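Structural overview
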Amino acid sequence: MPHPSSSVDHIYLGDDSTHLVNIGFTYNWFGNPIHEFRLSSNGQLNINSTDTDDNCCSAQPVGNYGGPRIAFVQEDLIPAQYGDALISTNMDPLSIKVTFHNVRFYEGSGGLVQASVELFPDGDIVFCYGSEGSTGDSNQFSSGVEDPMGGAYPMPFSPFDADTGITAAWPVEKCWKFLMPYYSLAPSISTKPSPSPSKDTTVTPSQSSVPTTSAAPSYSSWREVPYQSYMPHPSSSVERIYLGDDSTHLVNIGFTYNWFGNPIHEFRLSSNGQLNINSTDTDDNCCSAMPIGNYTGPRIAFVQEDLNPEWYGDVLISTNMDPLSIKVTFHNVRFYEGSGGLVQASVELFPDGDIVFCYGSEGSTGDSNQFSSGVEDPMGGAYPMPFSPFDAETGITDVWPVGKCWKFLMPYHSAPSATPTKTAKSAFPTKTPTKGPRTAVPTITPTKFPKTAFPTKNPTKGPKTAAPTTSSTPAPSIKKSFTITLINTGVNTNFDEAFANAKARWESIIIGDLEDYPYQGFDWFNGLLSSGYYGAVDDVVIGYEMVSIDGPGRILGSAGPLYYRPDTGSPITGIMRFDKDDFAIMGQTNAELIILHEMGHVLGLVGLLGYCSSDCSFGYNYPCPLAQQEYESIFPGSILKLENDGGGGTACSHWDENSFPQSSGSSELMTGFFEEGVRQPISRVSVAALDESFPDYTVDYRQADPIFEYPTDLDGNTNMSKILRPTKTFSLEGKIEHNFTPIML
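Below or above, wherever it landed, is the structure these notes cover. (Residues numbered from 1 in each chain as written. Predicted model: local features only at pLDDT ≥ 70, side-chain atom pairs only at ≥ 80, totals over all residues. Heavy atoms only, no water.)

Here the focus is the overall build of the protein chain. Looking only at helices and strands, one finds 5 helices and 38 strands in the protein chain. Sequence separation of at least 24 residues holds for 66% of the intrachain contacts in the protein chain that already meet a minimum separation of 6. For the protein chain, the accessible area works out to roughly 26600 Å², and carbon and sulfur atoms hold 50% of it. (Helix = DSSP H or I, 4+ residues; strand = E, 2+ residues; numbered from the N terminus. Contact = heavy atoms within 4.5 Å. Areas by Shrake-Rupley, 256 points an atom, 1.4 Å probe, with all protein chains shown as cover.)

This is the structure in structure tokens:
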């Protein structure tokens, strides 16, 4: 119930309705200041005050609410029929509390709901439940928090289900506190010094400088800066990427970027000239310029129009180290309809959140090719580019801004960490970090169940930050690198170099440390190799040997993961055993391809272990979203499939050969067939499959090979020369045995 000294407001809430509540102070919502929320009759606080969704009519897992909110008794309730909805404000300590007192479930079954949720300025939230409430499955409800980026923090304590936040039993006379991960609230948008009028052009704010959920902010956050080239910096590392028409591409930033106080590590680049900050947002916003603020999601637009990089021009991603930044360049990209000039534009992101927009000497002309530029924040606030030739109210222009640059100064310089980390934030009930495979803050993820906020349960499934840390001095007690230990259990050393090359290649892709295991007292190779291994395991140990099996032809060998971790499914040990007589006559390149391919299997590809494992009982579509998204960025509108040919050992454990047509000039290393002269890259599809299969894997997408061939990179070098090509066509069907079952430790 309300505190005795509180001021109390009794509000009317009709069935399936919402009510706008003024908080009365600045509340820290994941680093963003908010001043109001919308209370739903069904027991939740919609943080976006324009969100009138009451989420009727049954409990949903936390993460499925469709927007940032706090659920304290989300079910189908009707306060107007019976009971009271109370809003109370307390001054010592300062807080606002929502109380449902004896509220009836819509269908009249179960008890009377007695529950409250209390918000404190620093962001902490207290959930309390009275002596009466719901009984029976028909009245199950859910409780938890959904952050601005879609991360989910379900209530993990009994009687709530720790994975979903749903309960069918009333939590009688219990309270829990959610500890806000970000204690970095910026009091106003103008936290940077105002630029000198004599040196910089500024725009005077026309309304409050604090963005709220009810009105788009105006800004003193833009300034015109001296022109610099829209092309990559000369000292940058540059990647040319493929973007099909009306498609998106997932970009790993490589450092922690401060997005309005929230740390992010990746974004999705649209072919139509925008950066979608939510990496699961595949909307390309085709096909015409829209006013900034109409994009339905947080993003950065630098030349948003209907473009087609696939038809003409280059899309470049470059990373600069001094100062640290990542830059997206559209170089001579054509408008879809072919009218207007060639687009020359860039957007550059810096760790503190600042963004620089630059435009080259050519570009669009005419109304048909107008485009928009600006920023949309996590709460829907709009910051259109205010400088001529852009319209200050919309950010739209139909005149190309020749040879100009502008900087957007990030309002909140308060991202809580400088680099990605593998420490999970403990939000219930202490602020002590708890070890886990996820980052300490909610990253932008395609899954709705990050499960990083609660100390009573180890963090579980969820894609991770994909970039290596940029810090040169990691904490001495935390080992950052991923290690594959190779043990030759035989006497043949002819192919040791090929095994070492494969080890180095996979270690460049999987980069984060895994849980180590001490001496266990048994053979990690389970008697399957000529000699055993009984020592400690640092990440992964792979035993291999070249031995005589059956002479040339027939059985080539056996390979795969052996022991795996019980909580994450990632491999601890694996074996690779090959017939030396077959390898002696197959040629060095083909031998290296097979070793690299089979080591990929030991590490879990494709679908052999982990969260994305499949026996194809329900078809051959790949079951997880990240690799599918990467595949669609290469082949828009297509479905990633597992191999359905080849029988045991090939079917269901490789990418479908038809998913990577030879017409592209490449197949993929983890298909089950190798074609003479066709490149076999490790694509972003396979990297994403590792990322989403094992929650303790941290991967570097930048190490993936390109699928499509470009003549040269910016330095004039071929960028495909290191990808292996088989010297003859062959498959591994029936030749590599996978006749042992992985063992959970």
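Before going further, it helps to spend a moment on the state of the cysteines. Scanning the entire structure with this criterion turns up 3 disulfides. Residue pairing for Cys128: its cysteine sulfur links by disulfide to Cys175, the two sulfurs lying 2.0 Å apart. Disulfide Cys128 to Cys175: torsion about the S-S bond roughly 115 degrees, handedness right-handed. Placement of the pair is Cys128 in strand E9 (residues 125–129) and Cys175 in strand E13 (residues 174–178), with a sequence separation of 47 residues. Across the disulfide from Cys612 sits Cys624; the S-S distance is 2.1 Å. On the sign convention where negative means left-handed, the S-S torsion of about -110 degrees between Cys612 and Cys624 marks this disulfide as left-handed. Of this pair, Cys612 sits in the loop between helix H3 (588–602) and helix H4 (625–634) while Cys624 is found in the loop between H3 and H4, placing the two residues 12 residues apart along the sequence. Given a relative accessible area of 10%, Cys624 falls into the buried group. (Disulfide = S-S within 2.5 Å. Buried < 20%, exposed > 50% of the residue type's maximum accessible area, 1.4 Å probe, protein only.)

All right, on to the packing of aromatic side chains then. Applying the stated criterion across every chain yields a total of 43 aromatic pairs. With centroids separated by 5.2 Å and ring planes inclined at 45 degrees, the aromatic side chains of Tyr631 and Phe635 adopt a geometry described as tilted. Of the two residues, Tyr631 and Phe635, both sit in the buried class. With centroids separated by 6.3 Å and ring planes inclined at 80 degrees, the aromatic side chains of Phe635 and Phe660 adopt a geometry described as edge-to-face. One end of the pair, Phe635, is in the loop between H4 and strand E35 (673–674); the other, Phe660, is in the loop between H4 and E35, with 25 residues separating them in the sequence. As far as the burial class goes, Phe635 and Phe660 line up, both buried. Among the aromatic side chains, those forming a connected cluster through ring pairs are Tyr129, Phe141, Phe157, Phe160, Trp170 and Trp176. A cation sits over an aromatic face here: Lys177 above Phe120, 6.0 Å from the ring centre. (Phe/Tyr/Trp six-rings, centres within 6.5 Å; stacked < 30°, edge-to-face > 60°. Lys NZ or Arg CZ within 6 Å of the ring centre and 35° of its normal.)

If you walk across this open sheet you meet the 6 strands as E1-E6-E7-E8-E9-E13, and the pairing is antiparallel. What marks the edges here is a single partner per strand, and that holds for strand E1 (7–11) and E13. If you compare each strand with its neighbour and ignore which way they point, the axes differ by 15 degrees on average. The sheet contact formed by strand E6 (residues 84–91) and strand E7 (residues 94–103) spans 8 bridges and is antiparallel. Bridge assignment links Met91 to a residue of E7, and that residue is Leu94. (Pairing = 2+ DSSP bridges. Axes fitted to C-alpha atoms, helices over the stretch in contact; angles between N-to-C directions.)

Moving on, we come to the sheet that holds strand E21 (residues 324–333). Pairing within the open sheet is antiparallel, and its 7 strands lie in the order E14-E27-E23-E22-E21-E20-E15. Only two strands of the sheet have a single partner each, and these edge strands are strand E14 (222–225) and strand E15 (237–241). Averaged over all adjacent pairs, the angle separating strand axes in this sheet is 20 degrees, with direction ignored. When strand E22 (residues 343–349) meets strand E23 (residues 355–359), the two strands line up antiparallel, connected through 5 bridges.

Counting buried positions over the 5 residues of E23 gives 5, a clear majority of the element. Where E22 folds back onto E23 in an antiparallel hairpin, the turn is made up of 5 residues, including Gly353, whose phi is positive at roughly 110 degrees. Alignment of E23 against strand E27 (residues 404–408), held across 5 bridges, turns out to be antiparallel. Bridged to Phe357 within E27 is Trp406.

Right, let's get into H4. H4 sits mainly inside the fold: 8 of its 10 residues count as buried. Buried within H4 are the following residues: Leu626, Ala627, Gln628, Gln629, Glu630, Tyr631, Ser633 and Ile634. Contacts from the buried residues of H4 go to strand E16 (248–259), strand E17 (262–270) and helix H5 (684–693).

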